[in-house]
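Listed here are the chains, written in short residue letters.
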Amino acid sequence: MMRRLYELSIFSDVASDVTVDVDGDSFLLHKFPLVAHSGKIRKLVAGGEDLKYSKLELANLPGGSAAFDLSAKFCYGINFEIVAANVASLRCAAEYLEMTDEYREENLIARTEAYINEVVIMSFEKSVEVLATCHALHPTAEELKITSRCVEAIAANACKEQLASGLSRLECDDRSEELIRASSIWWVEDLSVLPIDFYEEVVYAMERVGVDPHCVISSIMHYAEAWLKGVGKCQLWNPARTERAAEKDQKKIMESLITLLPADRSASVPLSFLFGMLRLAIMVDAAAACRVELEKRISVQLELVELDDLLVPSARPGESLFDVDTVHRILLQFMERIQEEDYKFQCGYDSEGAGSPSHSSVLKVGRLMDSYLAEIAPDPSLSVSKFMSVIEVLPDYARVIDDGLYRAVDIYLKAHPTTTEQESRRLCKFIDCQKLSQEASSHAALNDRLPVHMTVRVLYFEQLRLKSSVSGSSGDGFPSQRVSSGVPSAAMSPRDNYASLRRENRELKLEIARMRVRLSDLEKAQVCMKQGMNGKSATGHSFFASLSKGIEKMGIFSSSAPGGKRQKSAKKSQNPEGKICGSRRHSSPPHSYY
């Protein structure tokens, strides 16, 4: 290292009597101004052998030669400005040199402390700037609590900005609300200058004081854009930025940022950011816990995912082009969440009944997965087991019609002509021929890539559909709803079926209550008839009158129609209800022949 020589010109006419070495740089100075301010130099000079000329070496001085240069100028009374860029190094150097008020009033320690407390702590920008310089002052900056004070100041000032912007939104009109909301998070980019360890402390402090999680998420995204550049040939972030972290540090930074995301996985973290981090995690082989966390967060918003997001390239050479295993795990996490919601819904079910709030999400994911399967099907390296693993995760009610699934299977069979008959049958067993549209059924009937069993099933249900359309009824026990392409009954979730059964149960209970009332009326009428038969003054006319009243009340489902017409109408009104109950229990054909 080239040795530099510094000499303060204020006493250029007086020969220097002490040489101070700091990190390879030599300072030709005078003892009197130094010992008048620094307790450490006073002790070193007093312990020296030569009282006329001394040579001192200051090892591991915080801030190095630059901080000592400013400290020496302070001892000589040379004016310079204490600013955010140098206050931390000056405070640490002053502590090292023992520049306390014991040796001189308003010494360097007191001056730097005043600047930190009165200027730095009051300003968000200056707190960030000072904190960024503390990384090179470890561990002295931590011991002097400069780091912790700056961290708490940043969090407190961010919270103040949030409160101020909230009050401003109350006072403004709707047109300027978006402008104020955007200006309220101006500080998110400023935090990108911090090293990752300090940035973690700042985010945790913000969470403690209650900073809006959306602002924290925006800050994390800006930090990732600033520090996580492309890995290899894949540029995930803006290539115009010049700062780059070493590739070995990118893994640590990425894993730290994932742990900083809000604990509530339902927080609105943009899917584009989550998928960008997931791709990066796969490329750098991040810890499994980080990948699992990203997959869980994506599964919460899976119904909002676009097809291009799911096409995650595989990082393992020789395997399929796309990372199917990752998508499979995301889909499993999604279905686990749906099942948990179904269980909670059933345990706290309202007696009035309600629709399935997650059913629409399952249907959207079903359409998304059909498109994904069709996209990855042409991959020649995709095995049948991986392709089938994605199909079998979704339940039957996730698809209203199976045209999309049929298309994906057909593309796979076409791209993989070596697929065995047994593998083809395993694939086609997931296709419900009753849920194919007229166009898809016609195509499947002439498709020689399908196994024979599949073709026979398609022709069978096509005949039933044709017979139903001609006769105008379901025919042969085949329900018309299942023949149509809409198939609402097949698209019902377990929770919707549960709600339907609860409604039927309530209707049956109501009908039983009505029957009990009518049975009570019949019992009263029977008592009257017995009294009429046993009465001595009773005539034949009164007996027949009582009998007529009893017969009149025997029609459980009718009350006003006279004579024989009343019984006939009762049978007519009874048939539809019996037909509905029968169709629910006995009319559905077997779901699959496999």
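Definitions and cut-offs
Residues numbered from 1 in each chain as written. Predicted model: local features only at pLDDT ≥ 70, side-chain atom pairs only at ≥ 80, totals over all residues. Heavy atoms only, no water. Helix = DSSP H or I, 4+ residues; strand = E, 2+ residues; numbered from the N terminus. Buried < 20%, exposed > 50% of the residue type's maximum accessible area, 1.4 Å probe, protein only. Contact = heavy atoms within 4.5 Å. Areas by Shrake-Rupley, 256 points an atom, 1.4 Å probe, with all protein chains shown as cover. Expected span 1.5 Å × (residues − 1). Phe/Tyr/Trp six-rings, centres within 6.5 Å; stacked < 30°, edge-to-face > 60°. Lys NZ or Arg CZ within 6 Å of the ring centre and 35° of its normal. pLDDT = per-residue confidence, 0-100. Polar contact = N/O pair within 3.5 Å; in protein donor to acceptor, adjacent residues only side chain to side chain. Disulfide = S-S within 2.5 Å. Salt bridge = Lys/Arg side-chain N within 4 Å of Asp/Glu carboxyl O.

J.: Would you mind going over the overall build of the chain in detail, with residue names and values included?
T.: Helix and strand content of the chain: 26 helices and four strands. The proportion of buried residues among the 594 residues of the chain is 43%. The long-range share in the chain, meaning contacts at least 24 apart out of those at least 6 apart in sequence, stands at 70%. Surface summary for the chain: the accessible area is close to 32300 Å², and the carbon and sulfur share equals 54%.

J.: Give me helix α3 (residues 64-76): which residues, what numbers.
T.: An ideal rise of 1.5 Å per residue puts 18 Å on 13 residues; α3 measures up with 19 Å between its terminal C-alpha atoms. In terms of burial, α3 is a largely internal element, eleven of the 13 residues being buried. If you check which residues of α3 are buried, you get Gly-64, Ser-65, Ala-67, Phe-68, Asp-69, Leu-70, Ser-71, Ala-72, Phe-74, Cys-75 and Tyr-76. Count one or two residues on from α3 and you reach Gly-77, which has phi positive near 80 degrees.

J.: Could you give me a rundown of the packing of aromatic side chains, with the residues and numbers involved?
T.: Within a pair of aromatic rings, the relevant descriptors are the distance that separates the centres and the angle that separates the planes. According to the stated counting rule, one finds six aromatic pairs in the structure shown. Between Tyr-199 and Tyr-223 the ring centres are 4.2 Å apart and the planes differ by 20 degrees, which places this aromatic pair in the stacked class. One end of the pair, Tyr-199, is in helix α10 (residues 196-209); the other, Tyr-223, is in helix α11 (residues 213-227), and 24 residues separate them in sequence. On the basis of relative accessibility, which here comes to 0%, the residue Tyr-223 falls in the buried class. With 5.5 Å between their ring centres and 15 degrees between their planes, Tyr-223 and Trp-227 make a pair best called stacked. Taken as a pair, Tyr-223 and Trp-227 lie in helix α11 at a separation of four residues, close to a single helical turn. Pairwise contacts between aromatic rings join Tyr-199, Tyr-223 and Trp-227 into one cluster. The ring of Tyr-96 has Lys-40 sitting right over it, with the charged end atom 4.9 Å from the ring centre.

J.: Residues and numbers for the environment of Lys-40, please.
T.: Of note, Lys-40 is situated in helix α2 (residues 39-46). Put simply, Lys-40 and Tyr-96 are 56 residues apart on the chain and 7.6 Å apart in space, counted from C-alpha to C-alpha.

J.: Got a sec to walk through the confidence of the model for the chain? Specific residues and values, please.
T.: Chain-level statistics for the chain give a pLDDT mean of 77 and a share of 69% at 70 or above. Scored below 50 in pLDDT, residues 175-183 shows seven contacts in the model against residues more than four places distant or in partner chains. Note on residues 473-490: pLDDT is under 50 here. Beyond four places in sequence and across chains, it has 39 contacts.

J.: A description of the environment of Arg-329 should follow, citing residues and the corresponding values.
T.: Inspection of the secondary structure assignment puts Arg-329 in helix α16 (residues 324-347). In sequence terms Arg-329 and Lys-296 are 33 residues apart; their C-alpha atoms lie 8.8 Å from each other. Setting aside its immediate chain neighbours within four residues, Arg-329 contacts Arg-291 and Glu-295. Looking at Arg-329, its side chain comes within polar contact range of the side chain of Glu-295, at 2.9 Å.

J.: A description of the state of the cysteines should follow, citing residues and the corresponding values.
T.: Inspection of every chain in the model, using the stated rule, returns zero disulfides. Free of any disulfide, Cys-134 has its nearest neighbouring cysteine sulfur in Cys-150, separated by 5.4 Å.

J.: Residues and numbers for helix α17 (residues 359-376), please.
T.: For α17, built from 18 residues, the straight-helix expectation of 26 Å at 1.5 Å per residue is met to within 8% by its first-to-last C-alpha distance of 26 Å. Across the 18 residues of α17, 13 count as buried, placing the element largely inside the fold.

J.: An account of the side chain of Ser-26 is requested, with residue identities and associated values reported.
T.: Among the structural elements, Ser-26 can be located in strand β3 (residues 25-29). Separated by 2.6 Å, the side chains of Ser-26 and Asp-21 make a polar contact.

J.: Explain the pattern of salt bridges to me, using residue names and the numbers behind them.
T.: Inspection of the entire model under this criterion finds 15 salt bridges. Here Arg-91 and Glu-113 are joined by a salt bridge, their closest N and O atoms 2.7 Å apart. With Arg-91 in helix α4 (residues 87-97) and Glu-113 in helix α5 (residues 108-120), this pair connects stretches of sequence that are 22 residues apart. A residue is classified by how much of its surface remains accessible, and Glu-113, at 17% relative accessible area, is buried.

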